[in-house]
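Summary of structural features
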Amino acid sequence: MWYKLGQLIVKYRLLLLIILLAVTGIMGFYATQVKLSYEFTRAIPTDNIKYKEYQQFREKFGDDGNTMVFGIESKDFFSEKIFNEVDALHQNLKKVSGVVNVLSIPQAVTLKKDTTGERLIPEKIFHAPYTNQQSLDNDKAVFLTLPFYHSLLYNNATNAYLIGIQLNKDSVNSKSRTRLIDDLMAQAKKFETNTGIVLHTSGLPFIRTTIGNRIKSEMNWFLIGSLLLSAITLLLFFRSVSAMLISLMVVLIGVVWSIGTIVLLGYKITLLTALIPPLVVVIGIPNCIYFLNKYHTSFKETNNKQQALINMIGRMGVVTLFCNIAAAIGFSVFALTHSQLLKEFGVVAGINIMALFFISLIFIPALLSYLPEPKPIHVRYLDNKTLEKVLTKVERWSLNNARWIYGITIVCCVASLIGFFKLKSEGFIVDDLPKTDKIYTDLKWFENNFEGVMPLEIMVDTKKKNGLLRNMNPINKIDELSEYISDKKEAARPLSFVEGLKFAKQAFYDGDSMSYAVPYEGDMAFLSPYLKVNNNDTIVKKQSPANLLKGFMDSTRQTARISVNMKDIGSVQLPILLKDLEHKANEIFDTASYKITFTGTSITFLEGSSFIIAGLKESVLYAFLLIALCMLYLFRSFRILLCSLIPNIIPLLLTAGLMGWVGIRLTPASVLVFSVALGIVIDVTIRFLVNYKQELAHYNYQTIPTLIQTIRHTGISIIYTSLVLIAGFIIFCFSGFGSTQSLGWLTSFTLITGTATNLLLLPVLLISVQKKKKLKDKI
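Residues numbered from 1 in each chain as written. Predicted model: local features only at pLDDT ≥ 70, side-chain atom pairs only at ≥ 80, totals over all residues. Heavy atoms only, no water.

**Some thoughts on the overall build of the protein chain**
Secondary structure summary: the protein chain contains 26 helices and 10 strands in total. Principal-axis analysis of the C-alpha atoms places the extent of the protein chain at approximately 110 × 55 × 45 Å. Taking all 779 residues of the protein chain together, 57% fall into the buried category. Within the protein chain, contacts between residues separated by at least 24 positions form 79% of all contacts whose residues are at least 6 apart in sequence. (Helix = DSSP H or I, 4+ residues; strand = E, 2+ residues; numbered from the N terminus. Buried < 20%, exposed > 50% of the residue type's maximum accessible area, 1.4 Å probe, protein only. Contact = heavy atoms within 4.5 Å.)

**Focus: the sheet that holds strand β9 (residues 559-566)**
Taking strand neighbours across the sheet as the criterion, the three strands line up as β9-β8-β10 in an open arrangement whose pairing is antiparallel. Here the strands that pair on one side only, and so sit at the sheet edges, are β9 and β10 (595-599). This sheet shows a mean twist of 15 degrees between the axes of neighbouring strands, independent of strand direction. Sheet topology places strand β8 (residues 454-461) next to β9; eight bridges connect them, and they run antiparallel. Looking across to β9, one finds that M454 is bridged to M566. (Pairing = 2+ DSSP bridges. Axes fitted to C-alpha atoms, helices over the stretch in contact; angles between N-to-C directions.)

**Points about helix α9 (residues 241-264)**
With 24 residues, α9 should cover 34 Å at 1.5 Å per step; its first-to-last C-alpha distance of 34 Å lies within 8% of that length. Counted residue by residue, α9 has 17 buried out of 24 residues, so it is predominantly covered. Count one or two residues on from α9 and you reach G266, which has phi positive near 80 degrees. (Expected span 1.5 Å × (residues − 1).)

**Looking at empty space enclosed by the protein**
Unfilled space is identified by rolling a water-sized probe across the atoms. Throughout the structure, instances matching the rule amount to four cavities of 30 Å³ or more. In terms of lining, the second largest cavity is formed by I283, P286, N287, C323, N324, A327, G679, I680, D683 and L725. Going through the elements one at a time, α10 (276-302), α11 (305-332) and α24 (668-696) are the ones with two or more residues in the lining of the second largest cavity. Broken down by class, the residue content of the lining of the second largest cavity amounts to six nonpolar, three polar and one charged. (1 Å grid on protein atoms, 1.4 Å probe; cavity = no way out; pocket = protein on both sides within 12 Å on 5 of 7 lines; lining within 4 Å. Points joined across faces, edges and corners; volume = space filled by probe spheres on them. Nonpolar A, V, L, I, M, F, W, Y, C, P; charged D, E, K, R; others polar.)

**Concerning the packing of aromatic side chains**
A complete count under the given rule lists 27 aromatic pairs for this structure. Here the aromatic rings of F78 and F83 are separated by 5.8 Å at their centres, their planes lie at 20 degrees, and the arrangement is stacked. The same class applies to F78 as to F83, namely buried. Between the aromatic rings of F83 and F126, the centroid separation amounts to 4.8 Å while the plane-to-plane angle is 45 degrees, which identifies the pairing as tilted. Linking F83 in helix α4 (residues 80-95) with F126 in the loop between β4 (119-124) and α5 (133-143), this pair joins segments that are 43 residues apart in sequence. Residue class for F126 comes out buried when judged on its relative accessible area of 0%. Taken together through their ring pairs, the aromatic side chains of F77, F78, F83, F126, Y130, F143, F148, Y149, Y154, Y161 and F503 make up a single cluster. Above the plane of the ring of Y370 lies R13, whose end atom (NZ or CZ) is 4.4 Å from the centre. The positively charged end of R561 is found above the aromatic ring belonging to F552, 5.7 Å away from the centroid. (Phe/Tyr/Trp six-rings, centres within 6.5 Å; stacked < 30°, edge-to-face > 60°. Lys NZ or Arg CZ within 6 Å of the ring centre and 35° of its normal.)

**Considering the confidence of the model for the protein chain**
For any part of a model where pLDDT is low, the fine detail of the predicted coordinates should not be relied upon. Confidence in the prediction for the protein chain averages 85 pLDDT; 95% of positions are at 70 or higher. Across the protein chain, the secondary-structure element scoring lowest on mean pLDDT is helix α19 (residues 538-543), at 44, and the one scoring highest is α4, at 95. In the model, residues 535-546 has pLDDT below 50 throughout and makes 20 contacts with residues more than four positions away in sequence or in other chains. Scored below 50 in pLDDT, residues 775-779 makes one contact in the model with residues more than four places away or belonging to other chains. (pLDDT = per-residue confidence, 0-100.)

**Description of the pattern of salt bridges**
For the structure on display, the rule yields 16 salt bridges. Residues E483 and K502 are paired through a salt bridge, measuring 3.8 Å at the closest nitrogen-oxygen approach. Residue E483 is found in helix α16 (residues 473-486), and its partner K502 is found in helix α17 (residues 497-508); the two are separated by 19 residues along the sequence. Within this structure, D479, E483, R493, E499 and K502 form a network of salt bridges that share partners. (Salt bridge = Lys/Arg side-chain N within 4 Å of Asp/Glu carboxyl O.)

**Comments concerning the packing of α16 against α17**
The interhelical angle for the contact between α16 and α17, taken along N-to-C directions, is 105 degrees, at an axis separation of 9 Å. On the basis of the axis angle, α16 is roughly perpendicular to α17. Note on element contacts: α17 touches α16 through F497, V498, E499, L501 and K502, opposite I475, I478, D479 and E483. (Parallel < 35°, antiparallel > 145°, perpendicular 65-115°, else oblique.)

**Some remarks on helix α13 (residues 385-400)**
An α-helical segment advances 3.6 residues per turn. Residues three or four places apart therefore align on the same side. With 16 residues, α13 ought to run about 22 Å at 1.5 Å a step, and its terminal C-alpha atoms sit 22 Å apart, in line with that. Of the positions making up α13, those classed as buried are L387, L391, V394, E395 and S398. Looking down the long axis of α13, one finds its buried residues gathered within 100 degrees of arc, a one-sided arrangement. Opposite the buried face of α13, at more than 90 degrees from it, the exposed residues are K385, T386, K389, K393, R396 and N400. (Arc of directions from axis to C-beta.)

**Concerning the side chain of T703**
By the secondary structure assignment, T703 is in helix α25 (residues 703-730). Contacts of T703, omitting those with residues within four sequence positions, involve Y692, L766, I767 and Q770.

**Re the nonpolar core**
What tends to happen in soluble globular proteins is that the nonpolar side chains get buried as a cluster. One finds I105, Y149, L184, F497 and I686 to be the most contacted residues of the largest nonpolar core, which totals 251 residues. The dominant element in this core, judged by the number of residues it contributes, is α24, at 17 residues. The contact partners of I105, leaving out residues within four places of it in the chain, are F77, F78, F83, F126, F143, L153, Y154 and Y161. (Core = buried A, V, L, I, M, F, W, Y, C linked by side-chain atoms within 4.5 Å.)

**Some remarks on the environment of I730**
With respect to the element layout, I730 can be found in helix α25. The spatial distance from the C-alpha of I730 to the C-alpha of G744 is 5.2 Å, given a sequence separation of 14 residues.

**Comments concerning the pairing of strand β6 (residues 160-167)**
When you tally the buried positions in β6, you get seven out of eight residues, the bulk of the element. The pairing of strand β1 (residues 67-73) with β6 spans seven bridges and is antiparallel. Following the sheet pairing, E73 is matched in β6 by A160. Summarising the sheet, strand β5 (residues 154-155) and β6 pair through two bridges and their orientation is antiparallel. Within β6, the position partnered with N155 by the bridge is A160. The turn linking β5 back onto β6 is made up of four residues, and N159 within it adopts a positive phi angle of 55 degrees.

**Comments concerning the packing of helix α2 (residues 13-31) against helix α12 (residues 340-370)**
Where α2 meets α12, the closest approach of the two axes is 9 Å, and the angle between their N-to-C directions is 130 degrees. With respect to their mutual orientation, α2 and α12 come out oblique. Our pair here, α2 against α12, has a crossing hand that is left-handed. Seen from α2, the contacting residues are R13, L14, L16, L17 and L20; seen from α12, they are I359, I362, F363, A366, S369 and Y370. For the contact of α2 with α12, the class distribution of residues is nine nonpolar, one polar and one charged. (Left-handed = near helix turned anticlockwise from the far one by under 90°.)

**Overview of unusual backbone geometry**
Look at the link from A128 to P129: it is a cis peptide, with omega at 5 degrees. Looking at the secondary structure, you find P129 in the loop between β4 and α5. A positive phi angle is found at S151, which is not glycine, with a value near 70 degrees. Considering the arrangement of structural elements, one finds S151 in the loop between α5 and β5.

Written out as structure tokens, the structure reads:
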């Protein structure tokens, strides 16, 4: 069948090339329309309870992750020069398109009691720009009497000050977010130049945008780097520019198809799908190497180019098909998970790995048929003396040192099992960043000075309309929970409408800081008229206590919002903290009368990370099972199936053990290693066993002579392919993200061990199985 297919491909080569290039042109058109994803909640399935709770919160109060913050550390903050510059920064930030509001000390307000009109009038505390230090000091004294702003905008103990910038949610979730963040950073740079003070920057919009842009940039560089390394390696192996260019054209077509597929399916570039183009390069190159190697081998034997092309397709077609099926399974099983991010990655990767097979099958023989016959220099690598010596040693080791190979394998497996039990699964919002990265160090600065900037939201549902203000019980309970949270070292002082009531009470009692407390029932009788809004006074209406509290109560005054800024404590500590807070909330609030919900971007982000890791673990098991079924179908032998699986399980076990010993946590990218490596390493096993099976009949079904021939002939391709793949994955080690670096060197390690187990352990297993079979036949 495959030989006939080879004849048809050579016969209709021109038509097939035109069709292939036409499809590539169409995919290229769609590839130009690819967009970067700015959504970060799609890791969780829509039927997940955490996802539903977060969507309910957004419906009532809007998005919680739209605040960016600047931090200033200076003992001279209230000096005339610095303060004026901070005020100028505030004014410049407000002018940036996409900024909704800016909160900073120079624009802080206090409340003044108007007894005649029974209202609280907001007044600016500061009057910048200042020309007199005494005036600034007087206003500063007023500001420091307002507990509302303490730990919200400043930390006296560390001379740290904060500027909060609320961003438009539509801008944050669109491609204009990069322009928005750049404009804000330009104003920050101007402030730094004028004052010599380095600003600290954080907040989810900033972190997400910066990381997203780095992903996009790295995708381009990794693609170029993987192509360059593959080109150099291919040129060194084949000593042929045409062979190198053919291989690069195959993977470039595959890259265009992969990006086009993303657009055609309505997807966008995410942290995972950004890895697909480089992966297409490193997975597509082996197809080219094996096809070209077989073409050169056949041409050397027959000295007939057309016959060599047909033999290439006839011998390598089925092998490459099953290798690509195995690799595609390794990726496409992600589509079986409930995570949208993993589904998209699995679908796109699976489709395009299979597409690579058809691209290789058509493009390589069709193009080779138009090129001149290979010259002696092009097939000289087949007689590589150094490689022959290496393969001879491999052959001797595998055939004569079975006990040593088994012994070393067992020792390595035991050590790996110990390391495996040391593995930890823990994720952080800035998990991938190096500890020296400014995003990371600035985040830690905010954690040290303001207890963090990661949003945690708590919804208190009274289950009754106007239930929050019918009596003082909900107010006192919310304050009690807030006080409990504020005592936690992982969280900052919570904000709720209760803090606004305290601020209003202080103003009612003429600014006495001792009056910053929850109003009593008697206080509310006198205070209530002052909380109402005069609709005719737009300035007072805009900054009135009622308007300031609007974002912390829903329109029916049934549900309250408690906003907490947290440290990035990770997916292990966060559930412990939440369990503690939930337990306390249940003690304070009667569950029959109240419904308490913990949600927010921090929870959904880390829930998504945990969900991805769980999905990846399941996917590895699915992939292993499906690949085993393919191997059983291909070889129709349980003995061969067993022999094929062991050399693939061991590299994965060794990698897991190494991760445990080195201290690499299980993250989405590090778990991805196992599926990627399984799909690629099994490729080596299939090629080795298919070649072994094909050669067996030529050596009268004698195991050892067949193995010698298989090691010498297939070993060249296996080593070349492994080196190209390792070179392709090593490029990931230059990433700015820790998990991507791990993906690079861990996959490379898995490939090295996979090559070793297939060339050394697999022959030993085949000999052992064959001996047992002969012994059984004798009995």
